[in-house]
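Summary of structural features
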Amino acid sequence: MIEVKNLVRTFKSGDRTIKPVNDVSFELERGTLASIVGKSGSGKSTLLSLLGALDKPTSGDVVVNGVSLAGMPDGKLTNYRRRDIGFVFQQFNLIPNLSALDNVMLPMEFAGVRKAARAERARQLLAQVQLDPDKHVRRINRLSGGEQQRVAIARALANEPKLILADEPTGNLDEQTGEHIIDLLSTLSRDHNTTILVVTHDRALANKTDRRFRLQQGRLTEETVRPGATAAVTGSAPASPDGSGLTGPDLSGPDLTSPAVRTA
Amino acid sequence: MSVLARSVGNAFRNKVRTAAVVAVLAVAIGLALAMLVANQAVTGKVAELNASVGTVLTVNPAGGQGFEGGGEPLTSAQAVTAAAVPNVSSVVGTKALRLRNAAEIAAQAASGRTGQGGPGGQSATSVTTSLRAAIDAGTLGNRNQGTTGTSGSTAQAAPAFSLPVTATGIGAEIDADGKALQLTKGTGLGNYTGASTGALLGTTLAEKNGLSVGSTFTIQDKTFTVKGLFDAGTAFGNNALYVTLPTAQTLAALPGELSTMIVTVNSMENVDAAKTALQAALGSSKADVTQGQRNLQTAVSSLDSVKNISFIAFVAALGTAGLIILLIMVMLVRERRREIGVLKAIGAPNRTIGLQFVLEALVLVALGSVVGAAVASLASGSIASALISSSGSTGAATGRRGFPGGPGGAFGGASQLLTSVTASASPGVIATGIAAVFGVAIIGALVPALLTARIRPIEVLRGE
Ligand SMILES: Nc1ncnc2c1ncn2[C@@H]1O[C@H](COP(=O)(O)OP(=O)(O)OP(=O)(O)O)[C@@H](O)[C@H]1O
Ligand SMILES: [Mg+2]
């Protein structure tokens, strides 16, 4: 369970101070799939980086399973990122001269997983994000944007994190692949009790989440969940191409995180 | 993919730049190795010179220096006095004899010539032998051995002399310079302080007389057995034989009398002090103490400067290699700032990232070392010769003077040194040099590697 307490992050630009995250508080139970929507520049990525211990808040605290990040030394924060967090970056941030497989194996290498086990699991994960097997060994800078995005998602899942923070994970994907990723995340939260917080402009994705937040000028508000009432999410978010919202594909996919399961 | 594999991969990410860096590193490393090889060669040479003759003092009877003999002979009692002087590690007495072929003396006596004459060694006693000298007297020999220059006309008519054979009684298995005898055949004489009928012959002397180990010959009608053959390296030195000290004293009928004493001092630094103390102990009216090779000092000090120059150049080249690594790694760290941030964001510990950069630097250094070692083994000879010739001709010190009977040109000049320089480009020296290069490279790479610890993972969220 994750508790966010009065989180503030300010930036100075010249003589002006901007507050992309301004007194944000919320709690997420384990296994919750939550989404954050908001205008471009509203502070979504900034908030996510604070939760993922990539950045330090100006004030406030994040408490993960009773442990506060505020006073944690850098070494411990590194361990937290490695063990407990899976981060999908808005710009993917893959290592360009490594193959897709090597990129997915990296977090496992840092966690001390044996080489054979790493390769095995990386292949499964890449298959789960539907990357063609012949592209597994291809260098990242020879993959398309959508392919890179899926490698980034696979990498975030590598160490079976308790909390997945995904910054627009379907932004570069076609509708069908995007839906597949949404299903993947839902399954993880439901079957593996993984807490997932997704930043998205994708109405279809937002509608499938258990809880929906909106970030506006640094302030977070939760939208009341009214099934079918997709119009509740209004404003800057681009309109969903279809109004159907909640009807998604079958969610009972294969077990996505257990290394023991092979994907056909 | 491991840290090492990633480091190797990263080292070749930009192949053109890698080639350029390796080339520059190879020059610095090659220079460092060449300088180390030169330094080792010179160090070895200096040590060799010091070890061979540097600590040996020679004691002659006062006034006995040179060909004009005089004064009182040295005695065994003085040897005991000399041995008691501080820092003296050994005193070896010698007794020189001039051996003349008995048949020749008879022939000369018949033709009215005195066999004895001319400038002799300072305190050599002449005795007869069955041996014939290995050297023909020639013009120089006749002039030296003839009656002291008063009747040149008789010398022309008379049959040619042969040179006397130098027999030296020695108190240890060393030659007149204090160096160990180079036995080529047979064994030594065992106990040099007791009487013995064994003798050690110079190779040419033995050859001339058709002798080998086990053969016999006579001195003063006493039979001696050849126990071993030695090579002194010169024609004069090989026209000689050694017997034990008491034997020589008995042959000369002068027991307890010494021609010279060879005094070894325990270390190079104590030579001057020991020389002064020895002179004082023996008395300047009784004995002259000389240092075998006075101009060795000049040679050694000139070689020392070559040693210092090459060492400084080695350190400088090593430092340059370290600096090149430092700069290139700082550049790489700056360039991959974002990537380092990504690695940290996905949980890479600082030490893993630091290690990755150090290993990458070592890959570059390893390539530079391979090329550099090749360059060094080609260049070290010419670099060393340039160094030595620029240090002046003193490096090529000439032989010694002031000690009759010893081989001249005890140590060679530049060409001989160069031979040892080439010989010093051994795998061991190169390995030592490369180890030093790697040590410096690790230090050079550590600075930028530690800088990576300060990069914050949030950097990845910001565009370039
Ligand atoms: N390091 C920084 N220094 C100064 N300003 C910053 C910094 N990082 C972010 N900002 C500003 O904070 C605000 C929020 O940025 P953020 O990246 O969180 O927006 P976002 O909601 O993720 O937008 P988008 O939907 O376009 O990704 C922006 O106005 C941005 O310019
Ligand atoms: Mg963003």
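None of these values were measured; they are calculated from a predicted model.

Take the overall build of chain A next. Counting its secondary structure elements, chain A contains 7 helices and 10 strands. For chain A, the proportion of its 264 residues judged to be buried stands at 56%. Sequence separation of at least 24 residues holds for 71% of the intrachain contacts in chain A that already meet a minimum separation of 6. In the form shown here, chain A has an accessible surface area of approximately 11,400 Å², with 48% of it arising from carbon and sulfur atoms.

Attention shifts here to the environment of B:Ile174. Residue and element names in this part refer to chain B. Here isoleucine 174 lies in the loop between strand S5 (165–170) and strand S6 (183–186). On a C-alpha basis, the gap between isoleucine 174 and threonine 94 in space is 9.9 Å, while along the polypeptide they are 80 residues apart. Excluding anything up to four places from it in sequence, isoleucine 174 contacts Val92, Lys179, Ala180, Leu181, Tyr242 and Ile262.

What follows covers the coordination of the magnesium ion (ligand 2). Residues and elements named next belong to chain A. Coordination of the magnesium ion (ligand 2) by the protein comes from Ser45 (OG) and Gln90 (OE1), over a distance range of 1.9 to 2.2 Å. With a gap of 45 residues between them, serine 45 in helix H1 (residues 44–51) and glutamine 90 in the loop between strand S6 (85–88) and helix H3 (100–110) connect regions that are remote in the sequence. When its relative accessible area of 33% is taken as the criterion, glutamine 90 is described as partly exposed.

Moving on, we get to the confidence of the model for chain A. The predicted model of chain A has a mean per-residue pLDDT of 85, with 85% of residues at 70 or higher. By mean pLDDT, the top-scoring element of chain A is H3(A) (96), and the lowest-scoring one is helix H7 (residues 203–207) of chain A (85).

This part covers the side chain of A:Asn103. As for its placement among the helices and strands, A:Asn103 is situated in helix H3. Not counting residues up to four positions away in its chain, the partners in contact with A:Asn103 are A:Leu94, A:Ile95, A:Leu98, A:Ile140, A:Val151 and A:Arg155.

Our focus in this paragraph is the sheet that holds strand S4 (residues 59–64) of chain A. All names here are of chain A. An order of S2-S1-S4-S5 is seen for the 4 strands of this open sheet, with the pairing classed as antiparallel. Two strands in the sheet have a free side with no partner beyond their single neighbour: strand S2 (16–28) and strand S5 (67–68). Here strand S1 (residues 2–13) pairs with S2 via 8 bridges, running antiparallel. Looking at S2, one finds that phenylalanine 11 is bridged to isoleucine 18.

Taken residue by residue, the interface counts 25 residues in chain A and 23 residues in chain B. Buried area between chain A and chain B, both sides added, is near 2,100 Å², and the carbon and sulfur share of it is 59%. Its largest share of buried area at the contact with chain B, chain A owes to A:Leu54, A:Asn93 and A:Phe110, together 25% of the area lost on that side. Of the charged contacts, one joins A:Glu109 and B:Arg6 as a salt bridge, the two residues approaching to 2.7 Å between their closest N and O atoms. Linking chain A with chain B are 7 residue pairs in polar contact (both at pLDDT 80 or more).

All names here are of chain A. Unlike most non-glycine residues, asparagine 6 shows phi in positive territory, near 45°. Counting through the fold element by element, asparagine 6 comes out in strand S1. Residue classification places asparagine 6 among the partly exposed residues on the basis of a relative accessible area of 44%. Located in the positive-phi region is asparagine 193, a residue other than glycine, with phi close to 60°. With respect to the helices, strands and loops of the structure, asparagine 193 is situated in the loop between helix H6 (175–191) and strand S8 (195–199). Assessed through its relative accessible area of 37%, asparagine 193 is described here as partly exposed.

Structurally, A:Asp132 can be placed in the loop between helix H4 (115–128) and helix H5 (145–157). Here the alpha-carbon distance between A:Asp132 and A:Glu147, two residues 15 residues apart in the chain, equals 9.2 Å.

Cut-off values and rules
Numbers given for residues are sequential positions, taken from 1 along each chain in its written order. All chains are assigned letters beginning with A, and all ligands numbers beginning with 1, in the order in which they are written. Reporting in this predicted model follows two pLDDT cut-offs: at least 70 for local features of residues, and 80 or more for side-chain atom pairs to be given and counted; totals over whole chains, interfaces and linings ignore these cut-offs and use all residues. Computation of side-chain values covers all heavy atoms of the structure but excludes hydrogens and water. The helix count covers DSSP runs of H or I at least four residues long, the strand count covers runs of E at least two residues long, and both are numbered beginning at the N terminus. With a 1.4 Å probe rolled over the protein chains alone, any residue whose accessible area is under 20% of its type maximum counts as buried; one over 50% counts as exposed, and the rest are partly exposed. By definition in these notes, contact holds between two residues if any of their heavy atoms fall within 4.5 Å. The method behind every accessible area is Shrake-Rupley, applied with a 1.4 Å probe, and residues are considered shielded solely by the protein chains displayed. The donor set comprises N, O and S atoms within 2.8 Å of the metal, extended to 3.2 Å for Na, K and Ca; water molecules are omitted, so apparent gaps in a site may simply reflect that omission. Confidence of the predictor at the level of single residues is given by pLDDT, which spans 0 to 100. Any two strands between which DSSP finds at least two bridges are classified as paired. Two parts placed together each lose some accessible area under a 1.4 Å probe, and the buried area is that loss summed for both. The rule for a salt bridge is simple: a side-chain nitrogen of Lys or Arg has to be within 4 Å of a carboxyl oxygen of Asp or Glu. Pairs of N or O atoms are called polar contacts if they sit within 3.5 Å, as long as, within protein, a hydrogen donor faces a hydrogen acceptor (for residues adjacent in sequence, only side-chain-to-side-chain pairs).

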